[in-house]
Amino acid sequence: MAQSAAGWGDIAGGVTDIFGGNATAAGLRLKAQGDLVEAGNYDLASTLAKQNEQFTEQSTAVKETMAQRQEFLGIGEETTQLAGAGFDTGSGSALDLLRSSAQQGALQKQLIGQQGLITEAGYTEQATAYTNLAGYARMAANTENSMASTASTMGYITGAIKFEAANVAFAS
């Protein structure tokens, strides 16, 4: 009778191991699918960050051109006003004023360019981070799929061992 109870216990344990291994495998495969979706979202975010970098580059070029145009217009207007007031624009204080305006314009253009580079670098860093995260998510998915195969196989192996133990118990 004790052998029979042990045998039935082994059969129950074997069934539990097989179904448990399959359930664990299914859970790991489902998690791997989620990781792959996550990787796809990181890829999308990386692509958008790269596009933002390109938009910033184009926008910065436009802003620099606009600043240069404003500089030329300002210097032209200042030259006209100085000449209209009777100052010689090629020397003295008038030349100092025009030089100062040109320097301010150049400084403004450099500032716009530098800010554009900083923003582009931020988007580049963001794109790299998202690309790395996508890679990590894919690596996790591969690991989980591998673990799922192992869990399923181990469930069958331990189930088979318990079924054999049941045979031994019933045979005794």
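Residues numbered from 1 in each chain as written. Predicted model: local features only at pLDDT ≥ 70, side-chain atom pairs only at ≥ 80, totals over all residues. Heavy atoms only, no water.

Moving on to the pattern of salt bridges. Applying the stated criterion across every chain yields a total of 4 salt bridges. When the shortest N-O distance is used, the salt bridge between Lys-162 and Asp-17 registers 2.9 Å. Here the residue Lys-162 occupies a position in helix 2 (residues 92-171), and Asp-17 occupies one in helix 1 (residues 2-84), the gap between them amounting to 145 residues. Note on Asp-17: relative accessible area 19%, which makes it buried. With a shortest N-O distance of 3.0 Å, Glu-144 and Lys-31 are connected by a salt bridge. Pair noted here: Glu-144 is in helix 2 and Lys-31 is in helix 1, with a separation of 113 residues, a long-range link. (Salt bridge = Lys/Arg side-chain N within 4 Å of Asp/Glu carboxyl O. Helix = DSSP H or I, 4+ residues; strand = E, 2+ residues; numbered from the N terminus. Buried < 20%, exposed > 50% of the residue type's maximum accessible area, 1.4 Å probe, protein only.)

One can find Thr-60 in helix 1. Of the residues examined, Thr-60 reaches a relative accessible area of 10% and is grouped as buried. Each C-alpha atom, one on Thr-60 and one on Ala-5, is 81 Å from the other, the two residues being 55 residues apart in sequence. In contact with Thr-60, not counting residues within four places along its chain, are Ile-112, Gly-113 and Gly-116. Among the polar contacts listed, one links the side chain of Thr-60 to the backbone oxygen of Thr-56, at a separation of 2.7 Å. (Contact = heavy atoms within 4.5 Å. Polar contact = N/O pair within 3.5 Å; in protein donor to acceptor, adjacent residues only side chain to side chain.)

Attention now moves to a nonpolar patch on the surface. Taken together, the side chains of Val-15, Phe-19 and Phe-163 define a hydrophobic patch exposed on the protein surface, amounting to about 270 Å² of accessible area. Looking at the secondary structure, you find Phe-163 in helix 2. (Patch = residues over 30% accessible without salt bridge, like charges linked within 9 Å, V, L, I, M, F, W, Y side chains within 5 Å. Areas by Shrake-Rupley, 256 points an atom, 1.4 Å probe, with all protein chains shown as cover.)

Moving on to the side chain of Thr-56. With respect to the secondary-structure elements, Thr-56 resides in helix 1. By relative accessible area, Thr-56 is classed as buried at 12%. In this structure the side chain of Thr-56 is engaged in a polar contact, spanning 2.8 Å, whose partner is the backbone oxygen of Asn-52. In contact with Thr-56, other than residues within four places in its own chain, are Gly-116, Thr-119, Glu-120 and Tyr-123.

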